[in-house]
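Descriptive analysis of the structure
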Amino acid sequence: MKRFAIAIVLIAALAFAAWANGAGEAEAAQGVTDTTVLVGNAAATSGALAFVGVPFNQGIEAYFNMVNEAGGVAGRTIEWVHYDDEFDGAQGLTYSQRLVEADMIFAFVGHFGTPTVAATQEYLDTVGIPRVYYATGLRSLFNLAAEGGARASFPVQPIYDAEGEVMVARAVANFGADKIGVIYPNADDGKGLLAGIELRAAELGVEIVAVQVAPDSNDMSSAAQTIISENVDVVLVAANQVPAEVAIKALAAAGSTAPVITSYVNAAPTFVEGVNEALNSFDVYANAWLQVVDDDGNPTEALNTFVEEVSKIDPASAGNPYAQAGWIAAAIFVQGLERVGDDALNWDNYIAAMEEAPVEIPLGGTVNFANGRRVGTQAMALLRATYDGAPGWVVDQPLEAITDILD
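As a starting point, this report considers the structure included with it. (Residues numbered from 1 in each chain as written. Predicted model: local features only at pLDDT ≥ 70, side-chain atom pairs only at ≥ 80, totals over all residues. Heavy atoms only, no water.)

What follows covers unusual backbone geometry. Even without glycine at this site, Ala 74 takes up a positive phi of about 50 degrees. Tracing the chain through its elements places Ala 74 in the loop between α2 (50–69) and β2 (77–84). Among the residues examined, Ala 74 registers a relative accessible area of 34% and is labelled partly exposed. Despite not being glycine, Leu 363 shows a phi value in the positive range, around 70 degrees. A residue is classified by how much of its surface remains accessible, and Leu 363, at 4% relative accessible area, is buried. (Helix = DSSP H or I, 4+ residues; strand = E, 2+ residues; numbered from the N terminus. Buried < 20%, exposed > 50% of the residue type's maximum accessible area, 1.4 Å probe, protein only.)

See below:
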């Protein structure tokens, strides 16, 4: 505790030093020189979640490479350091402290994973260092009027509670559901999604049958049988990655035929690969907060640029949604740099620049950080899983806000 307090005092001193020099003129923050700006993250690039962390980091790297090759921003190229935390919160905290106190980065770009984000949120709010984009929908990130160090937090992708509401809106509007089954793990993702599901279901007068499972369970047959016995119209698998796959396989094995909707976090070909046999029993859908094709089904210019640049690092990641997420994280960070321009690059100026107008989401819509608003984007599309020789997803419903979905 004493060491933590000392570290906070040291970092606070660094932050205050960034406000002004002896003449009262604004100075750059830590991690900033006349020619470079240093940013970083900790992400799972080994272990069970490496299939997410590796392409995510490749997307970040690809965008920064593109910007640097074009001369950087305001004469500065972007340097990036990252550590492998293996999706472990304790390691994530250790590496985050190293990034702030030893590497002395200017900002986190692509703060990765629920365990690390949860373990570091209090520390980083106290420090007040900018964090642009979280690779999680952690509920505690949701803030309608952030103050103090929390204003340096910039969530982009949807928060779990908001996505849960979208799931119900889709079940009702697109599938005519009157009774909805929910399988959710006893973890932040499941509880957050369930909270949004119950909120919107109550508003719409829809019955919910919810069954909780352990997040590390490899046998969800009992939960599946309970859901089937209730004759629900749609099943919402309110979970991320591994538990979602286990739940869908259990539903198929138990004989379910109701369509399934799961989180945007699972909208990757690798997830379809894991549940492809279940597609013989029912359709599997996932939310998506990006739109990578135009109204005619052709790739957008933004997608083509992403594919070209990411292919320079790893052609296999050119169609990977996690790489797209990393690309977006880097792009949104750079928009803040561009808004600061030739002014002093410090935390205060950067935060003000991010709040001054809605920020464009490459491959998607916009996100608004004005007046301390920190809620992420709230418009989502609906994808359907396919397996025609190879796993993939097709757009079933376009990018829409909840009110548009229900209308």
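And the narrative resumes.
The next point concerns the sheet that holds strand β3 (residues 107–112). Pairing in this open sheet of 5 strands is parallel, and the strands run β2-β1-β3-β4-β5 from one edge to the other. Whereas interior strands pair on both sides, the edge strands pair on one side only; in this sheet they are β2 and β5 (153–154). Here 4 bridges tie β3 to strand β4 (residues 131–135), and the two strands are oriented parallel to one another. Note on β4: the bridge partner recorded for Phe 112 is Ala 135. Packed on one face of the sheet, helix α3 (residues 89–101) meets β1 (36–43), β2 and β3 and runs near 150 degrees to β2. (Pairing = 2+ DSSP bridges. Contact = heavy atoms within 4.5 Å. Axes fitted to C-alpha atoms, helices over the stretch in contact; angles between N-to-C directions.)

As judged from the 8 bridges shared by strand β13 (residues 379–387) and strand β14 (residues 391–401), these two strands associate in the antiparallel manner. The partner of Met 380 across the bridge, within β14, is Glu 400. In textbook terms, the turn of a hairpin is the stretch between consecutive antiparallel strands, and for β13 and β14 this stretch comprises 3 residues, one of which, Gly 389, has a positive phi near 90 degrees.

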